[in-house]
Amino acid sequence: MESARRPIASRSSGWAIALAGRLARAGVTPNSISVASVGFAALGGALLLVPHPLAWIGAALCVQARLVCNLLDGMVAIEGGMKTPTGALYNEFPDRIADTLFLVPLGYAAGLPWLGWACALLAALTAYVRVFGGSVGLAQDFSGVMAKQRRMAALTLALVIAAIELPLLGTRWALLACGAVITLGSLVTCVTRSQGIARALTRA
């Protein structure tokens, strides 16, 4: 359903349309693209645990590859006419796994394992609140200060900065700050989305 589809500006970009068209013509299924996003997340999470600038740059690239997969799976399914009965399942579950595979290692890389687990838990909760809104008949709310794209943008930026910070200073403040920002931002997103649901139900 269109109301359950995340608004992404790059969906209308020429490169995305061309690449989605090539994948659809090649018979690549949207579900397999969704699964590929988990593969990139697993690789990126593993690289996060390697305290080396090149590893962290590689992890940042994996974050972006995960987002490209998230963009293309829906485009191949909808615009490419390859929707499947299990598409909704593959649209949600791999995202939750991918978030965890990135965010839990972030905490370990920053030196605070609990922070990574908090990041992952609250990221999953933001998705739960969104989907719950859809389950009571409302349009799913993809907004929030730390929605998925913003979480991944923050992580990408932090990894690039950390790759510079580590050899220069020997510290990991960028990763620590990123974990704190994602945790607090995800909490705020859960609250604002829940408030939006409550207001919409009250007006109904």
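Residues numbered from 1 in each chain as written. Predicted model: local features only at pLDDT ≥ 70, side-chain atom pairs only at ≥ 80, totals over all residues. Heavy atoms only, no water.

Attention now moves to the overall build of the protein chain. When helices and strands are tallied, the protein chain shows 7 helices and 0 strands. Listing each helix as α and each strand as β along the protein chain from the N terminus yields α-α-α-α-α-α-α. The C-alpha radius of gyration computed for the protein chain amounts to 17 Å, which stays within 12% of the reference 17 Å derived for 204 residues, consistent with globular compactness. Its C-alpha atoms give the protein chain principal-axis dimensions of roughly 50 × 45 × 25 Å. Every one of the 204 residues in the protein chain was classed for burial, and the buried ones make up 46%. (Helix = DSSP H or I, 4+ residues; strand = E, 2+ residues; numbered from the N terminus. Rg over C-alpha atoms; globule rule 2.2 N^0.38 Å. Buried < 20%, exposed > 50% of the residue type's maximum accessible area, 1.4 Å probe, protein only.)

Glancing now at the side chain of Arg 66. Relative to the helices and strands, Arg 66 resides in helix α3 (residues 53–78). Judged by its relative accessible area of 0%, Arg 66 falls in the buried class. In terms of polar contacts, Arg 66 uses its side chain to reach the side chain of Asn 70, at 2.8 Å. Setting aside residues no more than four positions away along its own chain, Arg 66 makes contact with Ser 37, Phe 40, Asp 95, Ala 98, Asp 99, Phe 102, Lys 148 and Met 152. (Polar contact = N/O pair within 3.5 Å; in protein donor to acceptor, adjacent residues only side chain to side chain. Contact = heavy atoms within 4.5 Å.)

On to the packing of helix α2 (residues 30–48) against α3, then. At a minimum axis separation of 8 Å, α2 and α3 run at an interaxial angle of 170°. Taken together, the axes of α2 and α3 lie roughly antiparallel to each other. Broken down by class, the residue content of the contact of α2 with α3 amounts to 16 nonpolar, 5 polar and 2 charged. (Axes fitted to C-alpha atoms, helices over the stretch in contact; angles between N-to-C directions. Parallel < 35°, antiparallel > 145°, perpendicular 65-115°, else oblique. Nonpolar A, V, L, I, M, F, W, Y, C, P; charged D, E, K, R; others polar.)

Nonpolar side chains in soluble globular proteins tend to be buried together. Grouped together as the largest cluster of nonpolar side chains are 30 residues, with contacts concentrated most on Leu 103, Leu 106, Leu 155, Leu 159 and Leu 175. When residues of this core are traced back to their parent elements, those giving at least two are α2, α3, α4 (87–110), α5 (113–135), α6 (148–169) and α7 (173–203). Not counting residues up to four positions away in its chain, the partners in contact with Leu 155 are Val 63, Phe 102, Leu 106 and Cys 178. Listed in part, the 9 residues of the second largest apolar core include Ile 33, Leu 72, Met 75 and Val 76. (Core = buried A, V, L, I, M, F, W, Y, C linked by side-chain atoms within 4.5 Å.)

Here we come to the packing of aromatic side chains. According to the stated counting rule, one finds 1 aromatic pair in the structure shown. Plain terms: the ring middles of Tyr 128 and Phe 132 are 6.3 Å apart, the flat faces sit at 25° to each other, and that makes the pair stacked. Separated by 4 residues within a single helix, Tyr 128 and Phe 132 lie in helix α5, roughly one turn from each other. (Phe/Tyr/Trp six-rings, centres within 6.5 Å; stacked < 30°, edge-to-face > 60°.)

Position of Thr 183 among the secondary structure elements: in helix α7. A residue is classified by how much of its surface remains accessible, and Thr 183, at 11% relative accessible area, is buried. Residues within four places of Thr 183 in sequence aside, it is in contact with Leu 115, Ala 118, Cys 119 and Leu 122.

Here α2 spans 27 Å end to end across 19 residues, near enough to the 27 Å set by a 1.5 Å rise per residue. Taken residue by residue, α2 has Pro 30, Asn 31, Ile 33, Ser 34, Ser 37, Val 38, Ala 41, Gly 44, Gly 45 and Leu 48 as its buried positions. Buried residues of α2, seen end-on, are gathered within an arc of 165° and therefore sit on one face of the element. Considering only its buried residues, α2 is in contact with α1 (14–25), α3, α4 and α6. (Expected span 1.5 Å × (residues − 1). Arc of directions from axis to C-beta.)

Now for α3. The end-to-end C-alpha separation of α3 is 38 Å, in line with the 38 Å expected for 26 residues at 1.5 Å each. Within α3, 19 of the 26 residues are buried, which leaves it mostly tucked inside the rest of the structure.

Counted according to the given criterion, the structure contains 7 salt bridges. Put simply, Arg 66 and Asp 99 hold a salt bridge, and the shortest N to O gap is 3.0 Å. Of this pair, Arg 66 sits in helix α3 while Asp 99 sits in helix α4, placing them 33 residues apart in sequence. Each member of the pair, Arg 66 as well as Asp 99, is classed as buried. Arg 96 serves as the salt-bridge partner of Asp 99, at 3.7 Å between the closest nitrogen and oxygen. Separated by 3 residues within a single helix, Asp 99 and Arg 96 lie in helix α4, roughly one turn from each other. We note that Asp 99, like Arg 96, is buried. In this structure, a network of salt bridges that share partners links the residues Arg 66, Glu 92, Asp 95, Arg 96, Asp 99, Arg 130, Lys 148 and Arg 151. (Salt bridge = Lys/Arg side-chain N within 4 Å of Asp/Glu carboxyl O.)

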